[in-house]
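# An overview of the molecular structure
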Amino acid sequence: MPEHADTVLALWVIFTWLIDYVGVSPILAITSPEKRCGKTTVISILGNLVCKPILASNISAAALFRTVELWKPTIIIDEADTFIRDSDELRGIINSGHTRPTAYVVRTVGDDHTPKRFSTWGAKAIAIIGTLPDTLHDRAIVIQLRRKLFQEKTEKLRHADPQVFNDLQRKLLRFANDYEKTVSNSHTSFPENIGISDRALDNWEPLLAIAQLAGHAWVEKVYQAATNLSENDKEILPIGTELLKDIEKIFAYKSIIKIHTVDLIHCLCEDEESPWSIYNLRGQDKKITPRQLGKLLSPYQIHSKNIEIAGIQRKGFDKSEFEEAWQRYNVLITPPENAVFTVQPSTFKENYTFEALQNPSTYASVLPSILSVQ
């Protein structure tokens, strides 16, 4: 295991006993580059310690939300690399369980197809060879295992005294009963110099709330664990953000303010290991096409136009079109000084509580205000 993994595992186990008193449920991801790195051993230990464990080596989307609704267990999924990447629905349901207010899916049931809401709120651990899909990774605390060296020795789990786990479970239950209100009312925050993303900080907050109960030494352990185990979050970007980052490098390193599309594609594909040199899987030339480039940039309100460079007019881009997107999506190599962007304020003035919005009669008055938001 990497350094600080023991801190994460201990606190995440306690978190499963306090799941009903926190607002964020971070996925615990146990990953490895190859088989025989200890993933199954780790989740077997977890299965002896977490609250109401259900272990599975495969699970469907429908089975997942029905299991959570019925038993409110800690779901521990092994062999996830064999099926989770192929199921958009399953990934969406796991994603929905990250924060308590959105941890629901709606399905029709019975012969009359009555709509029913199912909870997806609960603790989930996933063991997988390789990396998690991006949206799951964003909601996870990741422990990357490595295969042990010949000279590294471990104690076999099957030789452990079962009474050890029984005693620990009783203590965990007592701890949860004693401190549930304290955890529920806690307001945790990380130092500003931690330097990890807001989503990552959300994932670590429940563990920090528990660590605070154990004293300053454990709080420092969480700070160190978050800093070290979340440092790779910056490297895993959505494809659109990765494109913005690579284009920003081209403008910066070449010191240019405009570029033709054909030249931009050439620059993007100079690195043979970049995704852009093999992005066009259906074409004979695998390089990303102008149409594909435009489609990726369109959600960021960036569009090509006629650009004249050295007397040649072709479709291309001005640097100024990218600057706001670079700032918003945090991909700048060097952030601009005194950058100012205007934001149109919402015209939605009403103050409705979450509980009020659960009442269908409320929508008659709320909907006109919502539709007027600019």
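Residues numbered from 1 in each chain as written. Predicted model: local features only at pLDDT ≥ 70, side-chain atom pairs only at ≥ 80, totals over all residues. Heavy atoms only, no water.

### Details of the pairing of strand S10 (residues 312–318)
- Sheet topology places strand S8 (residues 258–260) next to S10; 3 bridges connect them, and they run antiparallel. Paired with histidine 260 across the two strands is glycine 316, which belongs to S10.
- As judged from the 5 bridges shared by strand S9 (residues 305–309) and S10, these two strands associate in the antiparallel manner. Of the residues in S10, the one forming a bridge with isoleucine 307 is arginine 314.
- Between the end of S9 and the start of S10, which pair antiparallel, lie 2 residues, with alanine 310 showing a positive phi angle near 55°. (Pairing = 2+ DSSP bridges. Helix = DSSP H or I, 4+ residues; strand = E, 2+ residues; numbered from the N terminus.)

### Considering the sheet that holds S9
- In space, the 3 strands of this open sheet follow the order S8-S10-S9, with antiparallel pairing throughout. Both outer strands of the open sheet, S8 and S9, are each paired with one neighbouring strand and no more. With strand direction ignored, the average angle separating the axes of adjacent strands in the sheet is 60°.
- Running at roughly 90° to S8, helix H10 (residues 261–268) makes contact with S8 and S10 of the sheet.
- Across the face of the sheet, helix H12 (residues 320–328) comes into contact with S9 and S10 while running at roughly 20° to S10. (Axes fitted to C-alpha atoms, helices over the stretch in contact; angles between N-to-C directions. Contact = heavy atoms within 4.5 Å.)

### Here's the deal with the pairing of strand S3 (residues 74–77)
- On S3, burial covers both faces: Thr74 and Ile76 on one face and Ile75 and Ile77 on the other are all buried.
- Taken together, the 4 bridges between strand S2 (residues 53–56) and S3 define a ladder with parallel strand orientation. Looking at the pairing, proline 53 lines up with threonine 74 of S3.
- In the classification by handedness, the crossover that spans S2, the intervening helix H3 (residues 61–71) and the parallel S3 is right-handed.
- When S3 meets strand S6 (residues 124–129), the two strands line up parallel, connected through 3 bridges. (Buried < 20%, exposed > 50% of the residue type's maximum accessible area, 1.4 Å probe, protein only. Right-handed = clockwise from strand over helix to strand, strands pointing away.)

### Comments concerning the pattern of salt bridges
- Under the definition given, this model contains 7 salt bridges.
- The partner of arginine 170 in a salt bridge is aspartate 167, with the nearest N and O atoms 2.4 Å apart. Within this pair, arginine 170 and its partner aspartate 167 are both found in helix H6 (residues 162–184), separated by 3 residues, close to a single helical turn.
- Arginine 328 is paired through a salt bridge with glutamate 324; the nearest N and O atoms lie 2.8 Å apart. Here glutamate 324 and arginine 328 lie together in helix H12, a separation of 4 residues that amounts to about one turn. (Salt bridge = Lys/Arg side-chain N within 4 Å of Asp/Glu carboxyl O.)

### Some words on the environment of glutamate 180
- Position of glutamate 180 among the secondary structure elements: in helix H6.
- Taking C-alpha positions, glutamate 180 is 6.5 Å from leucine 18, a pair spaced 162 residues apart along the chain.
- For glutamate 180, the contacting residues outside a window of four places in its chain are Leu18 and Tyr21.

### So, the packing of aromatic side chains
- All chains considered together, the criterion is met by 10 aromatic pairs.
- Ring centres of tyrosine 300 and tyrosine 329 lie 5.1 Å apart, and the angle between their planes is 85°; this geometry places the pair in the edge-to-face category. Of this pair, tyrosine 300 sits in the loop between helix H11 (290–297) and S9 while tyrosine 329 is found in the loop between H12 and helix H13 (354–357), placing the two residues 29 residues apart along the sequence.
- Measuring from ring centre to ring centre gives 5.5 Å for phenylalanine 322 and tryptophan 326, while their planes differ by 15°; the resulting arrangement is stacked. Pair noted here: phenylalanine 322 and tryptophan 326 are both in helix H12, with a separation of 4 residues, about one helical turn. In this pair, the class of phenylalanine 322 matches that of tryptophan 326, namely buried.
- Taken together, the ring pairs connect Phe251, Phe317, Phe322 and Trp326 into an aromatic cluster.
- Sitting over the ring of tyrosine 104, arginine 117 keeps its end group 3.7 Å from the ring centre.
- Above the face of the tryptophan 218 ring, lysine 221 is positioned so that its terminal group lies 4.2 Å from the ring centre. (Phe/Tyr/Trp six-rings, centres within 6.5 Å; stacked < 30°, edge-to-face > 60°. Lys NZ or Arg CZ within 6 Å of the ring centre and 35° of its normal.)

### Observations concerning helix H7 (residues 198–214)
- For H7, with 17 residues, the first-to-last C-alpha span of 24 Å sits near the 24 Å given by 1.5 Å per residue.
- The largest bend along H7 measures about 40° and falls at glutamate 205, with the proline proline 206 one to four residues further on.
- Glycine 215 lies just past H7 and shows a positive phi near 105°. (Expected span 1.5 Å × (residues − 1). Bend = angle between axes of the 7 residues up to and from the residue.)

### Points about the packing of helix H9 (residues 239–254) against H11
- Contact geometry for H9 and H11: axes closest at 9 Å, N-to-C directions at 105°. Taken together, the axes of H9 and H11 are roughly perpendicular relative to one another. Contacts from Ile239, Leu243, Leu244 and Ile247 of H9 reach H11 at Leu293, Leu296 and Leu297.
- Of the residues that constitute the contact of H9 with H11, the class distribution is 7 nonpolar, no polar and no charged. (Parallel < 35°, antiparallel > 145°, perpendicular 65-115°, else oblique. Nonpolar A, V, L, I, M, F, W, Y, C, P; charged D, E, K, R; others polar.)

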